[in-house]
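Next come the chains, spelled out residue by residue.
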Amino acid sequence: MIGNLINAVIAGIGVCVPDRVLTNNDLENIVHTSDEWILSRSGIRERRIASPREATSDLATVAAVRAMEDAEVMPEQVDLVIVATNSPDMLFPATACLVQDRIGAKNAGAFDLAAGCTGFIYALCVGSQFIATGSYSTVLVIGSETLSRFVNWEDRGTCVIFGDGAGAVVLKPVSEDNGILAFKLWSDGGAGRHLTLPAGGSKRPATKDTVDSKLHYIQMNGHEVFKLAVRAMGKVAQEVLASAGLKKSELDFFIPHQANLKIIEAVARRLDIPTEKVLINVDRYGNTSTASIPLALEEALRSGRIKKGDHIVMVGFGAGMTWGGVAIKW
Ligand code: COA
């Protein structure tokens with residue numbers, strides 16, 4: 001407990017990835033690329049791709065149900081559903097409302113949160129504030145994406161990077177000194193032009209011309225995004241460690257957004273964190289955007305790499321540009 005505020009803990013976690021695996025070799029049949037190029041530039045070997053029947057809300061719903069089971073929480077107990085996503089089912093209603101209905105969280109409010117690939121970190125921080133103030137006692141925070149629907153499958157610079165998936169956590173209050181210890185959120189809208197999906201909003205509504213010009217797909221200046229991501233995630237990790245009162249040597253586990261292995265390695269080098277303390281699964285899922293951190297966290301927990309009392313730092317970076325970090329005592 002900090003002052004009169006109550007700590008929020010992750011009381012349960014659940015994930016969902018589509019069954020379909022798309023390997024680098026499969027991609028060689030779609031665009032002019034190679035397994036060697038993709039692996040050496042990004043560390044990605046394969047990614048999951050949603051079936052035509054699966055939308056973002058479908059993956060989110062499965063992840064949410066698993067997280068509630070893990071936390072031993074009934075749907076009626078959920079006070080709030082936050083879905084962080086860049087690939088909502090529709091512009092509105094919010095994907096969170098679709099999930100709230102599907103899981104039977106009939107006593108909950110629900111909204112989507114858009115903060116690029118940092119969305120899960122943002123949503124975790126927002127959700128934890130409702131717990132901290134004592135307003136709510138059960139908050140469901142979900143990161144879910146089907147970005148495969150928004151990549152141009154003729155653009156080898158982007159289609160090889162992204163994958164689909166979802167992860168959800170249940171936040172609960174805790175009376176001990178564990179849970180979320182510190183967080184920091186950042187944005188630099190001026191650099192936002194480096195990663196955009198230009199059309200389909202109020203500025204450029206869908207027309208035949210926007211479709212023909214492929215403006216409904218992700219556009220990215222990979223080089224700039226790479227540099228910004230390394231700098232930003234390194235800095236925010238140090239900031240949350242400092243505000244949690246932790247020395248770098250006290251950090252037990254580091255979970256960065258899984259954008260690219262080279263980015264993760266560069267951030268870890270900057271921070272001087274040994275690789276055995278860093279969770280990496282970008283090789284199997286690619287960049288799943290808001291789902292990447294909960295997918296990585298779940299893997300670390302399932303494999304027993306995180307133990308009670310461990311200090312964890314999670315950092316994200318994405319379109320906006322946005323970045324942020326959270327320090328947790330497990
Ligand atoms: N296969 C083969 N060649 C490719 C390719 C692919 N999939 N994608 C790009 N290339 C080519 C380019 O056309 C270019 O060729 P040229 O020199 O003849 O023009 C060359 O490879 C180098 O391209 P470049 O974009 O400079 O490569 P890079 O080393 O920067 O790697 C990324 C590209 C996308 C892997 C890298 O920039 C990156 O990961 N950036 C960060 C992206 C990210 O994380 N975004 C999400 C943030 S949340």
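Residues numbered from 1 in each chain as written. Predicted model: local features only at pLDDT ≥ 70, side-chain atom pairs only at ≥ 80, totals over all residues. Heavy atoms only, no water.

Caption draft 1: Up close: the domain arrangement of the protein. When cut into domains, the protein gives domain 1 (7-177) and domain 2 (181-329). A straight line from the C-alpha centre of domain 1 to that of domain 2 covers 14 Å. At the junction of the two partners, domain 1 supplies 51 residues and domain 2 supplies 47 residues. Roughly 3,700 Å² is buried in total at the junction of domain 1 and domain 2, and carbon and sulfur atoms are behind 67% of that figure. For domain 1, the biggest contributors to the area lost against domain 2 are C117, I121 and Y122; these three give 16% of the whole. For the salt bridge of K308 with E176, the shortest nitrogen-to-oxygen distance reads 3.8 Å. One can count 19 residue pairs in polar contact (both at pLDDT 80 or more) joining domain 1 with domain 2. Contributing elements (two or more residues each) for the side of domain 1 that touches domain 2: β1 (7-16), α2 (35-42), β3 (46-48), α5 (119-132), β6 (139-145), α6 (156-159) and β7 (165-174). (Domains from an automatic or database assignment. Contact = heavy atoms within 4.5 Å. Buried area = accessible area lost by both parts, 1.4 Å probe. Salt bridge = Lys/Arg side-chain N within 4 Å of Asp/Glu carboxyl O. Polar contact = N/O pair within 3.5 Å; in protein donor to acceptor, adjacent residues only side chain to side chain. Helix = DSSP H or I, 4+ residues; strand = E, 2+ residues; numbered from the N terminus.)

Caption draft 2: Expanded view of the sheet that holds β1. If you trace the five strands from one edge of the open sheet to the other, you get β1-β7-β6-β4-β5, paired in mixed fashion. One side of each edge strand has no neighbouring strand; the edge strands of this open sheet are β1 and β5 (109-113). Going from strand to strand, the sheet's axes swing by 20 degrees on average, the running direction of each strand aside. Where β6 meets β7, seven bridges bridge the pair, whose relative direction is antiparallel. Looking across to β7, one finds that S144 is bridged to A166. (Pairing = 2+ DSSP bridges. Axes fitted to C-alpha atoms, helices over the stretch in contact; angles between N-to-C directions.)

Caption draft 3: Looking closely at the sheet that holds strand β12 (residues 311-318). Here four strands make up an open sheet; going across it, the order is β8-β13-β12-β11 and the pairing mixed. Of all the strands in the sheet, the pair left with one neighbour each is β8 (179-187) and β11 (253-256). Between one strand and the next, the sheet's axes are offset by a mean angle of 10 degrees, whatever the strand orientation. Packed on one face of the sheet, α5 meets β8, β12 and β13 (322-329) and runs near 125 degrees to β8. Against the sheet, helix α8 (residues 222-243) touches β8, β11, β12 and β13, its axis set at about 150 degrees to β12.

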